[in-house]
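# Structure at a glance
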Amino acid sequence: MQGYIYPNEFELQWSLLIVLYPYITGLVAGAFILASLERVFNVKEVQPTYRLALLTALAFLLVAPLPLQGHLGHPERSYEIFLTPNRQSAMAMFGFVYAWYLAVVLLLEIWFDYRQDMVRWAQEAHGARRWLYRVLTLGATDVSPGALKFDDAAGRWITIIGIPSAFLLHGYVGFIFGSVKANPWWSSVLMPVVFLFSAIVSGIALVLIIYMVTSLFRSRPVDMRCLDKLASFLFYAMIVDVSLEMLDFVHRLYESEESITILSQMIESRLFISLIVLQLVVGTLIPLGFLGAFSPALHRGLARGSDELRRLIYLTSAVLVEIGIFSIRWNVVIGGQLFSKSLRGLTVYKVELLGLEGLAMTIAIMALPFLILWILVRVLPPWNVAAQDAR
Amino acid sequence: MNPDDDRSGAPLPSGPQPAVDRRRFVENALKACAAGCPLILAAIRLPAAVAQGPAGQAGYDPTEHLYGMGIDIQRCIGCGRCVAACKAENDVPLDDHHFNTWVERYVIDDNGEVTVDSPNGGFDGFPQPDTESEIRRTFFVPKLCNHCANPPCVQVCPVGATFITPDGVVLVDDTYCIGCRYCIQACPYGARWFHPTKHVAAKCTLCYHRLVKGLVPACVEVCPTGARTFGEVEHRPTPLARFMRMNEVQVLKPHLNTRPKVYYANLDGEVR
Amino acid sequence: MKIPQQVVRLGAVFSVAIAALIVVRALLVPETFGDLGHYRAAAIDSIAAHPKKYAGHQECAACHDDVASKRAAGNHRGVACEVCHGPQQAHVDAPLDVKPPAPRDRGFCPLCHAYNPSRPTGFPQIDPVAHNPLQPCITCHDPHAPVPPAVPEECGACHGQIERQKALSHHANLSCVTCHQVPQQHKVTPRVVRPTKPTDRAFCGRCHAEGASGRAEAPRIDLAEHNPRYLCWQCHYPHDPKTQ
């Protein structure tokens, strides 16, 4: 501890698990927005990743409540958020945004897109799998051209609704922090917007990584046009994101409000590695440089590279981007609690190794969506393009 | 693969859908409503008679009170009896980072450097100040939950576990709090803490259990110099009335518009 | 327009889910929730039923009215019984079984009365090491009506910070009454009857004006030229004149 902190501020309230939560919901929103590029804006090149992006979003969305539950003092009472939500509380309303997004947007979109295939798989499969597919179709087995047209139209409309819903999903998480007037590090109009765009960045990067890795496992060639397009979208999204972050930074320095002294001290001491090194250099500047130099979609890229080189650059950049976005979440959540609201002192956060809120649990929670995705890919293979071919 | 060859048992229309489907849909919908009506009515609970105020406290009417506290900085001697009494009265953990109320000491030296400290919240009093240079000003500031009239903590609670009573006291419902700690983040004054064993949010209750019996909070009871004054914020004859009339009072962090009900007389500009 | 089969199926699923939510809500929301606001009104009752540990000084006076009235007439009239005797609701409930402790050593009184510059000036303070060492405070001071055994001659008994600062300053050899007239009543009701303070530049000029007959070593200034619009103590702190 350094300087003066209120006695009750000694221990941090929101730990590593709460860093994980906006990271995961960000991946969900970003992956979905990437999928919507193909569906609504007809970006044909990223079509190979469409279903994969949706399944990725679902896998991560299912895991998203876990860090919250692990962090609550009384997770067995968490249902109260749905029973007696305080309409003035951003956190309470978020429960409904999450439920809306899961049930009405993501599940429905996946259902409409896969329905035709699920009907076919129900007929082709045997035993438990056949029963599984039948249940998944909910008995809606009409695959006449009219019904399929309806599926397509419904999917389109859900995606259209889904885009602002995805904005709401992660923008709301930003608002949960941005609306806390007591905390000058969090309280900002830009917070929901920065969260949203960093979510888009992380989602695109995640789908890029998963697409490359699954292609490797399946021993299939990567569609380079798709990959180049993903990389260019990642680049554009990063430009917007870094512009917003720079705007926040410049604005703070310029207005130089009372909190600037302690916040500068915090950045220079407690957050130096996570902010300057990881978020800025490793997570933003280096990937931007790589992508800008090697991406052919960006005006015939400064450097030309073979397909293999570009794949390596893209994969590296995407991984660095994920590290950078995780650092952003860390800097927001943990950073906001490292300085005292008296603006006179700093405290420390010691990450536990074991325990419900420790590093081991964090790693386990981050691994779980990949396991779920693997199951989803087995049950609902995204490589089966019957519905997409029809479009 | 024959679409008609379905063994799920559900009726599977083949070819163009017959118009009877709409009728069936409407029939099903009506049946659902008929079945659901009692459930819906049960869900819309008819408002019960408004509670009479804390049951068992005969004669206590919360609508007759709106509590506040006054603190005179020039009277506080930093003895810490308030901190100790509060911990005893309210079973607050005795470690050094859980306090309902605490006392801060400000030392402003002749160069304008400000040093603030609160060793164990002031529970054991204060040692001599740790400064070599001359002191320009130095004083003690008791802090506690301000029981704001526009409380940001109540606003952010997702489930309604923290609330402000009709008599102006912000309380936490131990059995309803889910322990999300949003209220602790939202409090600008650092007044809330997380109970290490009950795993719920906790804070100063203004000794509500004493107020309903017509007593003053424990910290006010034991303050030996009268630095803490307790009473009603509205126009009623209590010691706080004189305090508010005779002193130029300030509140902490007025720019946040939390409308605190703890008023400080002779508050120095360096106090946060 | 016929309703597509997908909508029918989905509609059924959603209706069941919403109905289930309504049922669960009716069953699980606590009874008093919403009566007074968005919270469980019965929580107020359970908080109000918390047992008190401090009885309050009125309770003590009910049985110990002699001590209470002695205290009310003395310097500790603002010090409630339980400040020193601790929370005693248990004693009120079972007076013969539970006896209140009383601090009879030297460790307790200095919590309030040990010298500390952050304490407001005028509050009676002593140096706990130097002041009658080894003897319990109650040897000389009745805690229920504390007066010093002899009225302190030195102003420093209550104005410790000023005395310590002055002792290291150029004015160390000046006694307080050089500049302040102190009525005897000030030692009895200090906030009501206060010492006087000098009111004009000429007062300081008695030692510091050129040609003054006071102490030879006192620095001299031309009273008419030296910042004539200000009183001396607006810049020079009389208890430590070298600082501004």
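Predicted model, so just to flag it, every value in this text is computed and none were measured.

### Remarks on the overall build of chain B
When you go through chain B residue by residue, the secondary structure sums to seven helices and 11 strands. In chain B, buried positions account for 47% of the 272 residues. Long-range contacts, defined as pairs at least 24 residues apart, comprise 61% of the intrachain contacts of chain B with a sequence gap of at least 6.

### Section: the overall build of chain C
The number of helices and strands found in chain C is nine helices and zero strands. Ordering the α and β elements of chain C from the N terminus gives α-α-α-α-α-α-α-α-α. For a compact globule of 244 residues, the expected C-alpha radius of gyration is about 18 Å, and chain C comes in at 34 Å, more than 25% above that figure. For chain C, the spread of C-alpha atoms along the three principal axes comes to 115 × 65 × 30 Å. Taken across its 244 residues, chain C has 18% of its residues classed as buried.

### Considering unusual backbone geometry
Residues and elements named next belong to chain B. One non-glycine residue, leucine 206, adopts positive backbone phi at about 55°. As for its position among the elements, leucine 206 is in the loop between strand 8 (201–202) and helix 5 (208–211). With 29 C-beta atoms packed within 10 Å, leucine 206 lands in the buried category. One non-glycine residue with positive phi stands out, namely asparagine 266, at about 60°. As for its position among the elements, asparagine 266 is in the segment after strand 11 (262–265).

### What about the nonpolar core?
Core analysis: the biggest nonpolar cluster contains 207 residues, and A:Val28, A:Ile204, A:Val207 and A:Leu234 have the highest contact counts within it. Sequence-distant contacts of A:Val207, defined by excluding residues within four places in its chain, comprise A:Ala31, A:Leu34, A:Thr49, A:Leu52, A:Ala53, A:Thr56 and A:Leu230.

### A closer look at the confidence of the model for chain C
Residues and elements named next belong to chain C. Looking at chain C, the pLDDT average stands at 90 and 99% of residues meet or exceed 70. Ranking the elements of chain C by mean pLDDT puts helix 8 (residues 160–167) last, at 86, and helix 2 (residues 42–48) first, at 96. Taken together, the chains of this predicted complex give a pTM of 0.88 and an interface ipTM of 0.92.

### Brief notes about the interface of chain C and chain A
Taken together, the contact pairs 11 residues of chain C with 11 residues of chain A. When its residues are assigned to classes, the side of chain C that touches chain A shows six nonpolar, three polar and two charged.

### Regarding helix 8 (residues 191–218) of chain A
The end-to-end C-alpha distance of helix 8 of chain A, which contains 28 residues, comes to 40 Å, matching closely the 40 Å that a straight helix rising 1.5 Å per residue would cover. Of the residues flanking the end of helix 8 of chain A, it is A:Ser219, one or two places downstream, whose phi is positive at about 55°.

### What to know about the sheet that holds strand 9 (residues 228–232) of chain B
Residue and element names in this part refer to chain B. The mixed open sheet is built from four strands, whose spatial order is 9-1-11-10. Of all strands in the sheet, those with a lone pairing partner are strand 9 and strand 10 (249–250), marking the two edges. Examined bridge by bridge, strand 1 (residues 67–72) and strand 11 share four bridges and lie parallel to one another. The residue of strand 11 that forms the bridge with isoleucine 71 is tyrosine 264. Seen against the sheet, helix 7 (residues 239–246) touches strand 1, strand 9, strand 10 and strand 11 and runs at an angle of roughly 110° to strand 9.

### Examining the interface of chain B and chain C
Taken together, the contact pairs 59 residues of chain B with 44 residues of chain C. Listing elements by their share of the side of chain B that touches chain C, those giving two or more residues are helix 1 (20–43), helix 2 (81–90), strand 2 (101–109), strand 4 (135–144), helix 5 and helix 6 (218–222) of chain B. In terms of residue count, the dominant contributor to the side of chain B that touches chain C is helix 1 of chain B (nine residues). Along the lines of polarity and charge, the residues of the side of chain B that touches chain C split into 32 nonpolar, 16 polar and 11 charged.

### Here we look at the packing of helix 8 of chain A against helix 9 (residues 224–255) of chain A
Residues and elements named next belong to chain A. Two elements in contact, helix 8 and helix 9, have axes separated by 9 Å at closest approach and are oriented at 155°. Considering the angle they form, helix 8 stands roughly antiparallel to helix 9. Here helix 8 runs over helix 9; the crossing is left-handed. Two secondary-structure elements touch here, helix 8 through Val193, Val194, Phe197, Ser198, Ile200, Val201, Ile204, Ala205, Val207 and Leu208 and helix 9 through Leu230, Phe233, Leu234, Ala237, Met238, Val240, Asp241, Leu244, Glu245 and Asp248. In terms of residue class, the contact of helix 8 with helix 9 is made up of 16 nonpolar, one polar and three charged.

### Regarding the confidence of the model for chain B
All names here are of chain B. When pLDDT is averaged along chain B, the result is 85; 78% of the residues meet or exceed 70. Here residues 1–17 scores under 50 on pLDDT; set against residues more than four positions off or in separate chains, the count is 16 contacts. Every residue in residues 41–53 scores below 50 in pLDDT, and together they form 13 contacts with partners more than four places removed in sequence or on other chains.

### Some thoughts on the sheet that holds strand 3 (residues 114–117) of chain B
One key point about sheets: their strands pair by backbone hydrogen bonds, in either a parallel or an antiparallel sense. Residue and element names in this part refer to chain B. Pairing is antiparallel in the open sheet, where three strands are placed in the order 3-2-4. The open sheet terminates on both sides in strands that have one partner only, identified here as strand 3 and strand 4. Strand-to-strand twist in this sheet, taken as the mean axis angle between neighbours without regard to direction, amounts to 20°. Of the strands in this sheet, strand 2 and strand 4 touch helix 2, which is tilted by about 160° from strand 2.

### Some details on the pairing of strand 11 of chain B
Sheet topology places strand 10 of chain B next to strand 11 of chain B; two bridges connect them, and they run antiparallel. Bridging across to strand 11 of chain B, B:Val249 finds its partner in B:Ala265.

### Let's talk about the pairing of strand 3 of chain B
All names here are of chain B. Where strand 2 and strand 3 come together, four bridges link them in antiparallel fashion. By the bridge assignment, tyrosine 106 is partnered in strand 3 with valine 116. The turn linking strand 2 back onto strand 3 is made up of four residues, and glycine 112 within it adopts a positive phi angle of 90°.

### Some words on the packing of helix 11 (residues 272–294) of chain A against helix 12 (residues 307–333) of chain A
Residue and element names in this part refer to chain A. At their nearest, the axes of helix 11 and helix 12 sit 8 Å apart, and the two run at 150° to each other. By the criterion of interaxial angle, the relationship of helix 11 to helix 12 is roughly antiparallel. As for how helix 11 packs across helix 12, the hand of that crossing is left-handed.

### Here's the deal with helix 1 (residues 16–39) of chain A
For helix 1 of chain A, spanning 24 residues, the distance from its first C-alpha to its last is 35 Å, which sits close to the expected 34 Å at 1.5 Å a residue. Burial runs high along helix 1 of chain A: 24 of the 24 residues are buried.

### Concerning the environment of C:Ala61
Residues and elements named next belong to chain C. For alanine 61, the location among the structural elements is in helix 3 (residues 57–63). Its 16 C-beta neighbours within 10 Å are what place alanine 61 among the partly exposed residues. With 63 residues separating them along the chain, alanine 61 and proline 124 place their C-alpha atoms 26 Å apart.

Reading the values: rules and limits
- Residues numbered from 1 in each chain as written.
- Chains lettered and ligands numbered in written order.
- Predicted model: local features only at pLDDT ≥ 70, side-chain atom pairs only at ≥ 80, totals over all residues.
- Helix = DSSP H or I, 4+ residues; strand = E, 2+ residues; numbered from the N terminus.
- Buried ≥ 20, exposed ≤ 12 C-beta atoms within 10 Å, placed from the backbone.
- Contact = placed C-beta atoms within 7 Å.
- Rg over C-alpha atoms; globule rule 2.2 N^0.38 Å.
- Core = buried A, V, L, I, M, F, W, Y, C linked by C-beta atoms within 7 Å.
- pLDDT = per-residue confidence, 0-100.
- Nonpolar A, V, L, I, M, F, W, Y, C, P; charged D, E, K, R; others polar.
- Expected span 1.5 Å × (residues − 1).
- Pairing = 2+ DSSP bridges.
- Axes fitted to C-alpha atoms, helices over the stretch in contact; angles between N-to-C directions.
- Parallel < 35°, antiparallel > 145°, perpendicular 65-115°, else oblique.
- Left-handed = near helix turned anticlockwise from the far one by under 90°.

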